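Given next are the chains, with one letter for each unit.
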Amino acid sequence: MSSIFCTHRIPETGLTLLREKGHTVEVAEKETPLTRDELLQALRAKPYDAVITLLTDHVDGEVFDACPTARIWSNYAVGFNNLNIEEAKKRGLIVTNTAGTSSRAVAEHTVALMLALSTRLDEGDRFMREGKFKGWDPDLLIGVDISESTVGLIGTGAIGHEVANILYKGFGAKIIYSDPVINKSIEDEFGARRYSVEDTLKQADFVSLHVPLMNETKHLLNKERIEMMKPTAFLINTARGPIIDEKALVEALRDKKIRGAGLDVFEFEPEITEGLLHLENVIVTPH
Ligand code: GLV
């Protein structure tokens, strides 16, 4: 049986599955992510056979070498930008992620952010709590209909596909997308048409990001591309923070170059770029 180290508490069901199979699982006790020194120290402490990491752990060659007995490194995340795959390959390690496990949940959260923006839900909530409601008013907090909107998906893996499914079948939204390869299933199932990133940005009323974070996608949404969006459009990010140049986004939102944003991920999380949280036209959730 194997001895496994988990760098942070994860839902008990996962740990129980491992323990029921006879494995020993040790879980780091700290509430917040381990610092790099703490991670290295914990890994050097025992000859574990496998390690469960979180997306907050930066797993590179030095980390792999801190526990050379561990042949399996399981990342408790769909994204794997926090792991140096090349270094893992060099050492012949098995690296896994949780692909597919949260596609529906992330897609529903994406749609929730879109709905919050389209219905101006949080603005309405603030308005009520601030005692501003003086009676029904036809002009008050008018939103937009997703059913009449074009949704532009940047990336159409499992999560992008599920977002298209909900928005097309549930709302009748028009779906367009950008992906390096043709996605026949979203074209056939949801009538989606493929465009370049730039043409997707220019046409969409909602732009939703569903690409992995890689060198090629870091700051994919830079100042220039953000400004290609319609001034009435919303930007949604439930993928990875650094895909957007957050400083450029704050400026675009402040100067009303775009209408709003729904963000579940942040470029420097848990730090948030100066100014973002003071903006009215953004809704934020904690990844
Ligand atoms: C969360 O962001 C994940 O990658 O699972």
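Above this text is the structure in question.
Procedures and definitions
- Residues numbered from 1 in each chain as written.
- Predicted model: local features only at pLDDT ≥ 70, side-chain atom pairs only at ≥ 80, totals over all residues.
- Heavy atoms only, no water.
- Near = heavy atom within 4 Å.
- Polar contact = N/O pair within 3.5 Å; in protein donor to acceptor, adjacent residues only side chain to side chain.
- Areas by Shrake-Rupley, 256 points an atom, 1.4 Å probe, with all protein chains shown as cover.
- Nonpolar A, V, L, I, M, F, W, Y, C, P; charged D, E, K, R; others polar.
- Salt bridge = Lys/Arg side-chain N within 4 Å of Asp/Glu carboxyl O.
- Buried < 20%, exposed > 50% of the residue type's maximum accessible area, 1.4 Å probe, protein only.
- Helix = DSSP H or I, 4+ residues; strand = E, 2+ residues; numbered from the N terminus.
- Expected span 1.5 Å × (residues − 1).
- Contact = heavy atoms within 4.5 Å.
- Core = buried A, V, L, I, M, F, W, Y, C linked by side-chain atoms within 4.5 Å.
- Pairing = 2+ DSSP bridges.
- Axes fitted to C-alpha atoms, helices over the stretch in contact; angles between N-to-C directions.
- Parallel < 35°, antiparallel > 145°, perpendicular 65-115°, else oblique.
- Left-handed = near helix turned anticlockwise from the far one by under 90°.

Chemist: Break down the site of the ligand for me, with residues and values.
Modeler: The immediate surroundings of the ligand are formed by L55, A77, V78, G79, R240 and H287. The contact in question runs from an oxygen atom of the ligand to an N or O atom on the side chain of H287, over 2.7 Å. Considering the ligand on its own, with 190 Å² of exposed area, one finds that the protein chains cover 77% of that surface. Residues of the shell around the ligand, tallied by class, amount to three nonpolar, two polar and one charged.

Chemist: Before we move on, could you go through the pattern of salt bridges and cite the residues and values that matter?
Modeler: Under the counting rule described, the total for this entry stands at 25 salt bridges. A salt bridge links E38 to K30, with the nearest nitrogen and oxygen atoms 2.8 Å apart. Relative accessible area serves as the criterion here: at 29%, E38 is assigned to the partly exposed category. Between E280 and R126 there is a salt bridge whose closest N-O contact spans 3.0 Å. Of this pair, E280 sits in the loop between β11 (260-263) and β12 (282-284) while R126 is found in helix α6 (residues 121-129), placing the two residues 154 residues apart along the sequence. With relative accessibility at 51%, the residue E280 sits in the exposed group. Judged by its relative accessible area of 26%, R126 is partly exposed. The network of salt bridges with common partners includes D65, E87, K90 and R91.

Chemist: Provide a residue-level description of helix α7 (residues 158-171), including the pertinent values.
Modeler: End to end, α7 covers 19 Å across 14 residues, agreeing with the expected 20 Å (1.5 Å per residue, within 8%). All buried positions along α7 are accounted for by I159, G160, H161, E162, V163, A164, N165, I166 and L167. At its buried positions, α7 is contacted by α5 (103-118), β6 (150-154), β7 (174-178) and α8 (184-190). Looking one or two places after α7, you find G172, whose phi comes out positive at around 75°.

Chemist: Please give an account of the nonpolar core that cites residues and values.
Modeler: Generally speaking, nonpolar side chains in soluble globular proteins are found buried as a group. Core analysis: the largest hydrophobic core is formed by 30 residues, its most contacted members being L221, L235 and L249. Elements with a contribution of two residues or more to this core: α9 (197-203), β9 (206-209), α11 (246-254) and β11. If you tally residues by element for this core, the top one is α11, at five residues. Core analysis: the second largest hydrophobic core is formed by 25 residues, V106, L117, V151 and I166 among them.

Chemist: Describe the sheet that holds β6, naming the residues involved and giving the relevant values.
Modeler: Sheet architecture is open: seven strands sit in the order β8-β7-β6-β9-β10-β11-β12, paired in parallel fashion. In the strand order of this sheet, the two ends are held by β8 (193-194) and β12, each with one partner. Sheet analysis places β6 next to β7, joined by five bridges and oriented parallel. Across the sheet, L153 pairs through a bridge with Y177, a residue of β7. α11 contacts β10 (234-237), β11 and β12 of the sheet and is inclined by roughly 140° relative to β11.

Chemist: Explain the packing of α5 against α7 to me, and be specific about the residues and the numbers.
Modeler: For the pair α5 and α7, the least separation of the axes is 8 Å and the interaxial angle reads 55°. As summarised for this structure, α5 and α7 are arranged oblique, according to the angle between their axes. In the crossing of α5 with α7, the sense of the turn from one axis to the other is right-handed. Between α5 and α7, the residues in contact are S103, R104, V106, A107, E108, T110, V111, M114 and L115 and A158, I159, E162, V163, N165, I166, L167 and F171, respectively.

Chemist: Describe the sheet that holds strand β3 (residues 50-53), listing the residues and the values that go with them.
Modeler: Pairing is parallel in the open sheet, where five strands are placed in the order β2-β1-β3-β4-β5. At either margin of the open sheet sits one strand with a lone partner, and together these are β2 (24-27) and β5 (94-96). The mean inter-strand angle of the sheet, taken between neighbouring strand axes irrespective of direction, is 15°. Where β3 and strand β4 (residues 72-75) come together, four bridges link them in parallel fashion. Of the residues in β4, the one forming a bridge with T53 is N75. Set on the sheet, helix α1 (residues 12-20) makes contact with β1 (3-6), β2 and β3; between it and β2 the angle comes to about 150°.

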